[in-house]
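What follows is each chain in one-letter form.
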There are 2 protein chains.
Amino acid sequence: MSAIDLEANFVGLFTALAQIGRHDNGVGSTRLAWTREDLAARAWLTDAADQRGLDVEVDRNGNLWAWWGARDADVVVTGSHLDTVLAGGAYDGALGVVSALTAVDGLRDRGTPLGARSLAVVAFADEEGARFNTPTFGSGLMTGRRDPATVLSRRDGDGVSVGDAMADAGVDPGGVGPDPQRLARIRAVVELHVEQGRHLVDTGHPVALCSGVWPRGRWRVQIDGEANHAGTTRLDERADPMLVLATAIYAARRRAQQGGCRATIGRVDVSPNGASSVASQVTAFLDARAGDDATLDAFAEQWWADVRAGADAQGCRARLEVDSRGAATAFDAELRARLHRRLAPRHPGLPAIATAAGHDAAVLADHVPAAMLFVRNLTGVSHSPAEQAEIDDCLAGVVALTDALEELIGA
Amino acid sequence: MSAIDLEANFVGLFTALAQIGRHDNGVGSTRLAWTREDLAARAWLTDAADQRGLDVEVDRNGNLWAWWGARDADVVVTGSHLDTVLAGGAYDGALGVVSALTAVDGLRDRGTPLGARSLAVVAFADEEGARFNTPTFGSGLMTGRRDPATVLSRRDGDGVSVGDAMADAGVDPGGVGPDPQRLARIRAVVELHVEQGRHLVDTGHPVALCSGVWPRGRWRVQIDGEANHAGTTRLDERADPMLVLATAIYAARRRAQQGGCRATIGRVDVSPNGASSVASQVTAFLDARAGDDATLDAFAEQWWADVRAGADAQGCRARLEVDSRGAATAFDAELRARLHRRLAPRHPGLPAIATAAGHDAAVLADHVPAAMLFVRNLTGVSHSPAEQAEIDDCLAGVVALTDALEELIGA
């Protein structure tokens, strides 16, 4: 029997963190990287670690580590991030950090021995990248995926650079960069996160393992038509790029439905953007993600064929550029199988679901064995105050994380 | 037989005016109101009037009048405007002024007596409104349609006000306003203009009479959806206003084709307009014009039903506002019938076509008998260097205008 009240422990931690940066109207929280709110959340984690006798360290990239055991031992890492998007919800990042602390308490309560290993609760710095457009900042720098010089010069909407913001927060920006020694000591990383979708709602499971991160692509399409008088120009004499945009929007949805992809046109720039002129040019950005590269490529090819045909039909010219392309991330198969075996007794039919979002664990996955656990999200909504997990599902997540960590420490 | 060479006379005038404000690359001309280029065009007209012994006057609103006959007599007015849009063509406005001067020469060559009447060649000030968003400035002030205080405070992209621009051009902005005495002496106005469409190309006529100006409307539709993560949000869980925009664009074209209207979505504003976010809100402007109010209303109603259905299907909310609504302008039926009778012998089957654009003659039509002549435009394109009329059609226009003026002076 447990000597601690798991629910009270979790709720106490979760509620305290959720109040930091909460909006006055009670709807949503904002903790952008290196702001007062972010620092308050880091202070909160430092306090919670102190209360548990965990040794707190800020690494060269501003990631916050709370050590149970020696810093120079092989380490099992768990955690997530404390920063949020603008007007984010209470779960993204926070759930992983709170569950990690609660799991440490659970392991101690169970009397799980550390042996020669360490366990570290980590809050990665600036995972959202919402202030400087620098997502997975801390893990990206640690693994060398991000270039320090490029990232430090980025500025927020007020013109403050990343470097100045870090310095003001007491972290030396001169120290950021790859941290191979630290990576080399990591035996495994397990990040718990609220699901950013409704797969678990639909399948009736409280938790899932993550199978990997979908590949993604971003394309920029420029459609050139002919500026003209909105009143006097006959319909059949127009070359209106707005109609090609409509084709691109519809085709993205239809082809994504057919191919089982996600596709979004979320950004559109129109020129001259005058209410009484046929537009001369429309630029649109397509974001698409799929379970594998072949599916994503096939989707993009079909979509582009639709857009080209639409441009031809309207007498417009369309030009496509690849803006960015992210490869698929596969989480370590052996680690995944091992965690599946360990968790299956409590979770028969435990699903393995892919995610289309970026995470620190996925960044680390190229270098160390990494895994993710997802907790059911009633709304499926993400990056919004509407994200919502029931307390029983959160506790199931904590227990699953505790089991997973016990498995990894013990082996 | 004519003592003057009509073609050489026309070409000389047209070519001289077209060179004022012509772009260095030879494609297009720019003569924005009250700029150096506009003033050079006004000086050119003043010279051309002087050479013809016409008495030049600038009225209180900056319109330029070249009088044949006494200023206090009943007057038949012809002309158009000298200003252009940004990178406009050689015909819009200019063709009407050049044809008016050539028609004066033609009337004198024919020996047409003025009698107790006068004839005035007018260049209305700032018809395009391209610099200050003040279209039909000169005629609008003259008729009281435009409020002087409102219009004088408008500023161009460099922050220069209309008032300062006029003062710098030597026209006292303190004097602008209604000019009822001048209006009261006008027997009729005939404005010749290059066609802004291809009706005459399709029907094989060099010239047409204008039957009236179409009513127009501008609507603003705001579509609210739900901001979400472009990667993690399943397609069937989105409320994406961009898909409703696509419906609005398609429906505008389809319903306009069915109803014989013109409809354009030329301005779109997206929020937050991020490439990796499902948009939360899209605002679009619909410009629509039709032959009569009932047709326009029916079009707008059908379009809005389509948009509402699209919003419902996507789980979005759509809200419609009327941004502006312009009534139809009917040109004087008696004047039109009289000119038709006069021109029909040279132009069997002379078409009467409506225009969907604004003109000074249409502004005056609410106060005095007004008519317009259109000259065939090979491309049908307007407000662009692509507008193009063949010399034979221009000369047919001059002869038609000469006949029309002879008819009106003589009666």
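Bear in mind the structure is a predicted one, so any value in this text is a computation, not a measurement. (Residues numbered from 1 in each chain as written. Chains lettered and ligands numbered in written order. Predicted model: local features only at pLDDT ≥ 70, side-chain atom pairs only at ≥ 80, totals over all residues. Heavy atoms only, no water.)

1. Things to note about the sheet that holds strand E12 (residues 317–326) of chain B
Residue and element names in this part refer to chain B. Spatial strand order, E9-E11-E7-E12: four strands in an open sheet with antiparallel pairing. Edge positions in the sheet fall to strand E9 (262–271) and E12, since each has one partner strand and no second. The sheet shows a mean angle of 15° between the axes of neighbouring strands, taken without regard to direction. Pairing between strand E7 (residues 216–224) and E12: nine bridges, direction antiparallel. Note on E12: the bridge partner recorded for Trp 219 is Val 322. Here helix H9 (residues 241–259) sits on the sheet and contacts E7, E9 and strand E11 (281–289); the angle it forms with E9, its principal contact strand, is near 170°. (Pairing = 2+ DSSP bridges. Helix = DSSP H or I, 4+ residues; strand = E, 2+ residues; numbered from the N terminus. Axes fitted to C-alpha atoms, helices over the stretch in contact; angles between N-to-C directions. Contact = heavy atoms within 4.5 Å.)

2. Digging into unusual backbone geometry
In this chain, Ser271(A) is followed by Pro272(A) through a cis amide linkage whose omega measures -5°. Note that Pro272(A) resides in the loop between strand E9 (262–271) and strand E10 (277–278). Look at Trp34(B): it is not a glycine, yet its phi comes out positive at around 70°. When you line up the elements, Trp34(B) lands in the loop between helix H1 (6–18) and helix H2 (36–51). Assessed through its relative accessible area of 6%, Trp34(B) is described here as buried. In the Ramachandran plot, His383(B) falls in the positive-phi region, its phi being about 55° despite a non-glycine side chain. (Buried < 20%, exposed > 50% of the residue type's maximum accessible area, 1.4 Å probe, protein only.)

3. Regarding the nonpolar core
Counting residues in hydrophobic clusters, the biggest one holds 68 residues, and the most contacted among them are Trp303(A) and Trp303(B). Non-local contacts of Trp303(A), meaning those with residues more than four positions away in its chain, are made with Val221(A), Ala248(A), Ala251(A), Ala252(A), Arg255(A), Ile265(A), Leu286(A) and Leu320(A). (Core = buried A, V, L, I, M, F, W, Y, C linked by side-chain atoms within 4.5 Å.)

4. Points about the interface of chain B and chain A
At the junction of the two partners, chain B supplies 56 residues and chain A supplies 56 residues. Buried surface at the junction of chain B and chain A, both sides included, amounts to about 4700 Å², of which 54% is carbon and sulfur. The largest contributions to the chain B side of the interface with chain A come from Leu235(B), Arg253(B) and Ala275(B), which together make up 15% of the buried area. Connecting chain B to chain A are four salt bridges. Residue Arg198(B) is joined to Glu237(A) by a salt bridge in which the shortest nitrogen-to-oxygen separation is 2.7 Å. Those elements giving two or more residues to the side of chain B that touches chain A turn out to be helix H8 (199–203), E7, strand E8 (228–229), H9, E9, strand E10 (277–278) and E11 of chain B. With ten residues, H9(B) is the largest single contributor of residues to the side of chain B that touches chain A. Of the residues in the side of chain B that touches chain A, the class split is 21 nonpolar, 20 polar and 15 charged. (Buried area = accessible area lost by both parts, 1.4 Å probe. Salt bridge = Lys/Arg side-chain N within 4 Å of Asp/Glu carboxyl O. Nonpolar A, V, L, I, M, F, W, Y, C, P; charged D, E, K, R; others polar.)

5. Some words on the domain arrangement of chain A
All names here are of chain A. Taken domain by domain, chain A holds domain 1 (3–214 + 328–409) and domain 2 (217–326). Relative to domain 2, the C-alpha centre of domain 1 lies at a distance of 37 Å. Each side of the interface is counted separately: domain 1 has four residues, and domain 2 has seven residues. Buried surface at the junction of domain 1 and domain 2, both sides included, amounts to about 500 Å², of which 54% is carbon and sulfur. Area buried by domain 1 at its contact with domain 2 is led by Trp 214, Ala 328 and Ala 356, which between them contribute 97% of it. One can count zero salt bridges joining domain 1 with domain 2. Scanning the region where domain 1 abuts domain 2 turns up one residue pair in polar contact (both at pLDDT 80 or more). For the side of domain 1 that touches domain 2, the class distribution of residues is four nonpolar, no polar and no charged. (Domains from an automatic or database assignment. Polar contact = N/O pair within 3.5 Å; in protein donor to acceptor, adjacent residues only side chain to side chain.)

6. Considerations on the packing of helix H1 (residues 6–18) of chain A against helix H2 (residues 36–51) of chain A
All names here are of chain A. Their axes nearest at 10 Å, the elements H1 and H2 cross at an angle of 155°. It follows that H1 is roughly antiparallel to H2 by the angle criterion. For the element pair H1 and H2, the recorded crossing hand is right-handed. The segment H1 lies against H2, with Leu 13, Ala 16 and Leu 17 engaging Ala 41, Trp 44 and Ala 48. Tallied by class, residues from the contact of H1 with H2 come to six nonpolar, no polar and no charged. (Parallel < 35°, antiparallel > 145°, perpendicular 65-115°, else oblique. Left-handed = near helix turned anticlockwise from the far one by under 90°.)

7. Remarks on the confidence of the model for chain A
Of the residues in chain A, 99% reach a pLDDT of 70 or more, and the chain-wide mean stands at 94. Both scores are given for the predicted complex: the pTM is 0.74, the ipTM 0.74. (pLDDT = per-residue confidence, 0-100.)

8. Section: the state of the cysteines
Residues and elements named next belong to chain A. Enumeration over the complete set of coordinates arrives at zero disulfides over all chains. A disulfide-free cysteine, Cys 210 has its sulfur positioned 18 Å from the sulfur of Cys 261, the nearest such atom. Cys 210 gets classed as buried once you look at its relative accessible area, which sits at 1%. (Disulfide = S-S within 2.5 Å.)

9. Considering the sheet that holds E9(A)
Residues and elements named next belong to chain A. Read across the sheet, four strands follow the order E9-E11-E7-E12 without closing on themselves; strand pairing throughout is antiparallel. The open sheet has two edge strands with one neighbour each: E9 and strand E12 (317–326). When strand polarity is set aside, the average angle formed by the axes of neighbouring strands in this sheet is 15°. Across nine bridges, strand E7 (residues 216–224) lies against strand E11 (residues 281–289) in antiparallel orientation. Across the sheet, the residue bridging to Arg 218 is Asp 287, located in E11. Helix H9 (residues 241–259) rests against E7, E9 and E11 of the sheet, and its axis sits at about 170° to E9.

10. Things to note about a negative patch on the surface
A cluster of like negative charges, contributed by Asp5(A), Glu7(A), Glu390(A) and Asp392(A), occupies part of the molecular surface. Here Glu7(A) shows up in helix H1. (Patch = residues over 30% accessible without salt bridge, like charges linked within 9 Å, V, L, I, M, F, W, Y side chains within 5 Å. Areas by Shrake-Rupley, 256 points an atom, 1.4 Å probe, with all protein chains shown as cover. Lys, Arg positive; Asp, Glu negative; His and termini not counted. Charge placed at Lys NZ, Arg CZ, Asp CG, Glu CD.)

11. Quick notes on the packing of helix H11 (residues 333–343) of chain B against helix H13 (residues 391–410) of chain B
Residues and elements named next belong to chain B. Running from amino to carboxyl end, H11 crosses H13 at an angle of 120°, the nearest separation of the two axes being 10 Å. Taken together, the axis directions place H11 and H13 in an arrangement best described as oblique. Note that H11 runs across H13; the crossing there is right-handed. Along the contact surface, H11 presents Leu 335, Arg 338, Leu 339, Arg 342 and Leu 343, while H13 presents Ala 400, Asp 403, Ala 404, Glu 406, Glu 407 and Leu 408. Across the contact of H11 with H13, the residue classes break down as six nonpolar, no polar and five charged.

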